[in-house]
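# Structural overview
For reference, the chains in residue letters:
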Amino acid sequence: MAGFRFMPRAEPQAGRAPMKSHERKAARRKREDGRRAANLATRNKDLTLENVASMESLYRAHKQAKRNIGWKAATQNYDTHWLTNIYRQHDELMNGGSIGYKPRHFRIYERGIPRDIDAPAYEDKVTQKSITQNALIPAIEPTLIEWNSANRKEKGTLHAIKHLRKCLGENYRERGTDGYVLLMDYRGYFASIDHERVKEIISRNVLDQRIVRLACDFVDAQPEGLGLGSEPNQILAVALPNSIDHFITQNCGMRHYGRYMDDSWVMHPDKAILELVLGLAEDRCRALGITINARKTRIAKLSDGFTLFKKRVFYGEGGKVIIKPSKEAMVRERKTIRGHARLLRAGVMEYEDAFRSYQSWRGWQVHFNAVTAVQAMDAYFKARIGEVVRPDIPLSL
């Protein structure tokens, strides 16, 4: 056979019996464990408390933390005496102090859904950012799959959508519009995260026990679940279902898979296979203390289209992948425009602020098949507020 070379089985060494099946498996497992231990040691080479608590690391964390919030009094107070504050935090961390957790608790309503936010004090934000950027992310992120897109550098919603487009294109080339997609959602994700499971992730990936203690104390300081307002919680929440990601892509062999925080999708031509994957995923979710949202989890036909990331996704003519804003997203933007119009009439909002808010929404639509939707929204904005085009601010679309 062309390109194939027969390799004879190696003869056992003299005086040594051939290895049995279970012995070969044990040897492979030992080699794999050794490789993983070596990779873990390499990742943790510079992940020490000295690096996290250094003056340089804390100053860099302060410069990043004050972006876009430099107008706040707490930020300005810290910045006025930044050298004294950083030295004090450095001294506290090196002498066994904690990263602190003195949050300001408040509730917001996002699309009618209440979300509890724990906004940390500014000095805690600096320390949390340093431990996240200099320890947790370098230790945990290399273990994540490529298409786990949330809260990761050079990734995000657009990264997840590009992967979705690619998978839909591959599916069309292989079997047209036939096939199914499993859409999975976790119920009350952040609020339901189990502390012990998160601390296991920290202990498994970080070798410096001083950092492990700091991070675990921070997790335990939160009454239940993980708060939405702290940076360490973002990478920990991303990492919790990582074992499910690896199980679906590696053990189940699913090529077309992606996850963005608590939203996952799996694509396959056989619906029965996806039902089996869902059942196996539910078992692993229970082991992690995660609950599948039965109302939002479903299997849809690719030929019928589906909604994901608040976008309507379907095949167009010739297999073109069409991604448009969902009806709910359009309704929500119209409500925003009406609300801004009321604030403008009351004199509590400037036109430039309303205009820039609309431009932000409008510029995001350039990544989707939304020309008609944007034109309709332009007319709505003009009727309610004013001109869409300003000579001093270029259009995004």
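The structure we're discussing is the one just above.
Read on for a plain summary of the structure. A quick note: this is a predicted structure, and the numbers were derived from the prediction, not measured.

Let us now look at the environment of asparagine 205. Structurally, asparagine 205 can be placed in helix α9 (residues 195–205). Beyond its immediate stretch of four places on either side in the chain, asparagine 205 contacts Leu40, Arg43, Asn44, Ala139, Ile140 and Thr143. In terms of polar contacts, asparagine 205 uses its side chain to reach the backbone carbonyl oxygen of isoleucine 201, at 2.8 Å.

This next bit is on the side chain of asparagine 134. Along the chain, the position of asparagine 134 falls in helix α6 (residues 122–140). Given a relative accessible area of 12%, asparagine 134 falls into the buried group. At a separation of 2.9 Å, a polar atom in the side chain of asparagine 134 contacts the main-chain carbonyl oxygen of serine 130. For asparagine 134, the contacting residues outside a window of four places in its chain are Leu47, Asn51, Val52, Ser57 and Arg60.

Here a ring pair, both rings aromatic, is described through the centre-centre distance and the interplanar angle of the planes. All chains considered together, the criterion is met by 10 aromatic pairs. Summarising the aromatic geometry, the rings of tyrosine 189 and phenylalanine 190 are spaced 5.8 Å apart at their centres and angled 80° between planes, so their arrangement reads as edge-to-face. Both residues of the pair, tyrosine 189 and phenylalanine 190, belong to the buried class. In textbook terms, an aromatic cluster arises when at least three aromatic residues are bridged by ring pairs, as seen for Tyr186, Tyr189 and Phe190. The cationic tip of lysine 311 hangs over the ring face of phenylalanine 368; the distance from NZ or CZ to the ring centre is 4.9 Å.

Within the open sheet, the four strands sit side by side as β4-β5-β3-β6. Their pairing is antiparallel. One side of each edge strand has no neighbouring strand; the edge strands of this open sheet are β4 (256–260) and β6 (298–301). Strand-to-strand twist of the sheet, defined as the mean angle between neighbouring strand axes without regard to direction, takes the value 20°. One ladder, built from five bridges, connects β4 with strand β5 (residues 263–268); its direction is antiparallel. Paired with arginine 259 across the two strands is serine 264, which belongs to β5. Packed on one face of the sheet, helix α12 (residues 242–251) meets β3 (180–185), β4 and β5 and runs near 170° to β4. Strands β3, β5 and β6 of the sheet are contacted by helix α13 (residues 271–288), whose axis makes an angle of about 20° with β3.

Bringing helix α7 (residues 157–175) into the picture now. Between its first and last C-alpha atoms α7 spans 27 Å; for 19 residues at 1.5 Å apiece the expected length is 27 Å, and the two agree. Residues His159, Ala160, Ile161, His163, Leu164, Cys167, Leu168, Gly169, Glu170 and Asn171 constitute the buried set of α7. Taken together, the buried residues of α7 touch β4, β5, β7 (306–308), β8 (311–315) and β9 (321–325). At the exit of α7 stands glycine 176, carrying a positive phi of roughly 70°.

Right, let's get into the packing of helix α5 (residues 82–94) against α6. Closest axis-to-axis distance for the α5/α6 pair is 11 Å, and the angle between their directions is 60°. Put simply, α5 runs oblique to α6. When the axes of α5 and α6 are compared, the crossing they make is right-handed. Of the residues in α6, those in contact with Arg88, Gln89 and Leu93 of α5 are Glu123, Val126 and Thr127. Class assignment of the residues belonging to the contact of α5 with α6 gives a composition of two nonpolar, two polar and two charged.

What counts, and where the lines are drawn
Residues numbered from 1 in each chain as written. Predicted model: local features only at pLDDT ≥ 70, side-chain atom pairs only at ≥ 80, totals over all residues. Heavy atoms only, no water. Helix = DSSP H or I, 4+ residues; strand = E, 2+ residues; numbered from the N terminus. Contact = heavy atoms within 4.5 Å. Polar contact = N/O pair within 3.5 Å; in protein donor to acceptor, adjacent residues only side chain to side chain. Buried < 20%, exposed > 50% of the residue type's maximum accessible area, 1.4 Å probe, protein only. Phe/Tyr/Trp six-rings, centres within 6.5 Å; stacked < 30°, edge-to-face > 60°. Lys NZ or Arg CZ within 6 Å of the ring centre and 35° of its normal. Pairing = 2+ DSSP bridges. Axes fitted to C-alpha atoms, helices over the stretch in contact; angles between N-to-C directions. Expected span 1.5 Å × (residues − 1). Parallel < 35°, antiparallel > 145°, perpendicular 65-115°, else oblique. Left-handed = near helix turned anticlockwise from the far one by under 90°. Nonpolar A, V, L, I, M, F, W, Y, C, P; charged D, E, K, R; others polar.

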